[in-house]
Amino acid sequence: MRKLLGNESLVTEFLLAGLTDHPELQLPLFYLFLIIYIVTLVGNLGLVTLIALDPHLHTPMYYFLFNLSSIDLCYSSVFTPKMLMNFVSKKNGISYVGCMTQLFFFLFFVISECYMLTAMAYDRYVAICHPLLYKVTMSQQVCSGLSLAAYAMGFAGASAHTGCMLQLTFCNASVINHYLCDILPLLQLSCTSTYVNEVVVLIVVGVNITVPSVTILISYIFIIASIMRIKSTQGRSKVFSTCSSHIIAISLFFGSAAFMYFKYSSLGSMEQGKISSVLYTNVVPMLNPLIYSLRNKDVKVALKNVMIRIQRDIF
């Protein structure tokens, strides 16, 4: 839909191109992403509930994991319901206001996750390199401050991108070559200069990938150096196992996000970007609770205790 303003036709509604334009794939993809979404909801909500209920998990590491699961739960819900509807509906429309709102919250949760993963890396650094000072260094105030800082960075980044996007005029083409309202596909539709937006993307995305990545890298350099000083192989393996889940999570998230934002340059790379974005928008939120629970003895024990408690209450 468009409204007329002088000689221009301004967009009031966008059409989402979706993941694919092959009709025969729409229904199979609907069921696939519905399953992924259900697993994401159950996994993250279950982990959040488990951490909240079990006092043994009220530690800094699980405090950050609680926040990470909450973010994954929220940001996958920002676009997945609309994505599922578009697989089975003929008209994949989204209003201008709805698109800008989706863009803001998507960016807010994604950027917040970047810094929450960074806070988790710092937590592992203190736990392994300075174990005697762990409780003092990672106090409740420090943990709350790190979490608030992560959300503040998410809010600042999302506000900068969305604020600049609101200054653009969209006319003529209104089909977003994506399954959600994201920055680069929207910039391609603007009929006014996007120079400021491109500079903001370069600065904000660069900062939000570089700062967390460098911080995480430095943390793990110290962690690996500390692990290598442990003489016994069993001791090394035990300490490293506390970091393995986090390493897998950050590799998946930052790897796919970096590929998507730095690969966009042509139509072919746009299609590759959509496939890559599925990894960090749909698959990573689904895998995070599995990675942190299946590889974690504390979570397994806590789950067993909660199940026993529920059985006692029922019977």
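Fair warning: this is a prediction, and the values are worked out from it, not measured in the lab. (Residues numbered from 1 in each chain as written. Predicted model: local features only at pLDDT ≥ 70, side-chain atom pairs only at ≥ 80, totals over all residues. Heavy atoms only, no water.)

Colleague: Please set out the overall build of the chain residue by residue, giving values where relevant.
Modeller: For the chain, the count of helices and strands is ten helices and five strands. Taking 315 residues into account, the globule formula puts the C-alpha radius of gyration at 20 Å, and the chain, at 22 Å, falls close to it. By its C-alpha atoms, the chain is 75 × 50 × 35 Å across when sized along the principal axes. The proportion of buried residues among the 315 residues of the chain is 49%. Accessible surface, the chain: about 16,000 Å² in total, of which carbon and sulfur atoms supply 70%. Treating the 19 positive side-chain charges of the chain as one cloud and the 13 negative ones as another, the clouds have centres 13 Å apart. (Helix = DSSP H or I, 4+ residues; strand = E, 2+ residues; numbered from the N terminus. Rg over C-alpha atoms; globule rule 2.2 N^0.38 Å. Buried < 20%, exposed > 50% of the residue type's maximum accessible area, 1.4 Å probe, protein only. Areas by Shrake-Rupley, 256 points an atom, 1.4 Å probe, with all protein chains shown as cover. Lys, Arg positive; Asp, Glu negative; His and termini not counted. Charge placed at Lys NZ, Arg CZ, Asp CG, Glu CD.)

Colleague: Break down the sheet that holds strand S3 (residues 13–16) for me, citing the residues and quoting the values.
Modeller: Hydrogen bonds between backbone atoms are what pair the strands of a sheet, whose relative direction is either parallel or antiparallel. As summarised here, the arrangement of the three strands in space is S4-S3-S5, forming an open sheet in which the pairing is mixed. Here the strands that pair on one side only, and so sit at the sheet edges, are strand S4 (93–95) and strand S5 (175–176). For S3 and S5, the ladder comprises two bridges, and the chain directions are parallel. What sits directly across from Leu15, in S5, is Val175. (Pairing = 2+ DSSP bridges.)

Colleague: Which residues make up the packing of aromatic side chains, and what values do they have?
Modeller: A ring pair, where both rings are aromatic, is described by two values, the distance of the centres and the angle of the planes. For the structure shown, the criterion picks out 16 aromatic pairs. Ring centres 5.8 Å apart and planes at 90° place the aromatic pair Phe79 and Phe106 in the edge-to-face group. Taken together, the residues span a long stretch of sequence, with Phe79 in helix H2 (residues 60–88) and Phe106 in helix H3 (residues 96–129) at a distance of 27 residues. Phe106 gets classed as buried once you look at its relative accessible area, which sits at 1%. Ring plane angle 35° and centroid distance 6.1 Å describe the contact between Tyr122 and Tyr125, whose orientation is recorded as tilted. In this pair, Tyr122 and Tyr125 both sit in helix H3, three residues apart, roughly one turn of the helix. (Phe/Tyr/Trp six-rings, centres within 6.5 Å; stacked < 30°, edge-to-face > 60°.)

Colleague: Could you give an account of the state of the cysteines, naming the residues involved and the relevant values?
Modeller: Going through the model one piece at a time under the given rule, you end up with one disulfide. Each sulfur of the disulfide joining Cys99 and Cys181 lies 2.1 Å from the other. Across the S-S bond linking Cys99 and Cys181, the dihedral sits near -125°, which makes this disulfide left-handed. Here the residue Cys99 occupies a position in helix H3, and Cys181 occupies one in the loop between S5 and helix H6 (183–187), the gap between them amounting to 82 residues. Cys181 matches Cys99 in its accessibility class, with the two residues each being buried. The cysteine Cys129 is free of any disulfide, with Cys243 supplying the nearest cysteine sulfur at 8.8 Å. Judged by its relative accessible area of 22%, Cys129 is partly exposed. Overall, the relative accessible area of 1% leaves Cys243 in the buried class. (Disulfide = S-S within 2.5 Å.)

Colleague: Tell me what's going on with the pattern of salt bridges, and back it up with residues and numbers.
Modeller: One pass over the full model with this rule turns up two salt bridges. As a salt-bridge pair, Glu13 and Lys91 come within 3.6 Å of each other at their nearest N and O atoms. Placement of the pair is Glu13 in strand S3 and Lys91 in the loop between H2 and S4, with a sequence separation of 78 residues. Taking the relative accessible area as the measure of exposure, Glu13 reaches 17% and is therefore buried. Since its relative accessible area comes to 53%, Lys91 is described here as exposed. Two residues, Arg124 and Asp123, come together in a salt bridge whose shortest N-O distance is 3.0 Å. (Salt bridge = Lys/Arg side-chain N within 4 Å of Asp/Glu carboxyl O.)

Colleague: If you had to explain the nonpolar core to someone new, which residues and values would you point to?
Modeller: Counting residues in each nonpolar core, the largest one holds 83 residues, and the members touching the most others are Phe14, Phe33, Tyr75, Leu117, Met165, Leu186 and Phe253. When neighbours within four sequence positions are excluded, Leu117 is seen to be in contact with Leu68, Ile216, His246, Ala249, Ile250, Phe253, Phe254 and Tyr292. (Core = buried A, V, L, I, M, F, W, Y, C linked by side-chain atoms within 4.5 Å. Contact = heavy atoms within 4.5 Å.)

That is the geometry; function is a separate question.
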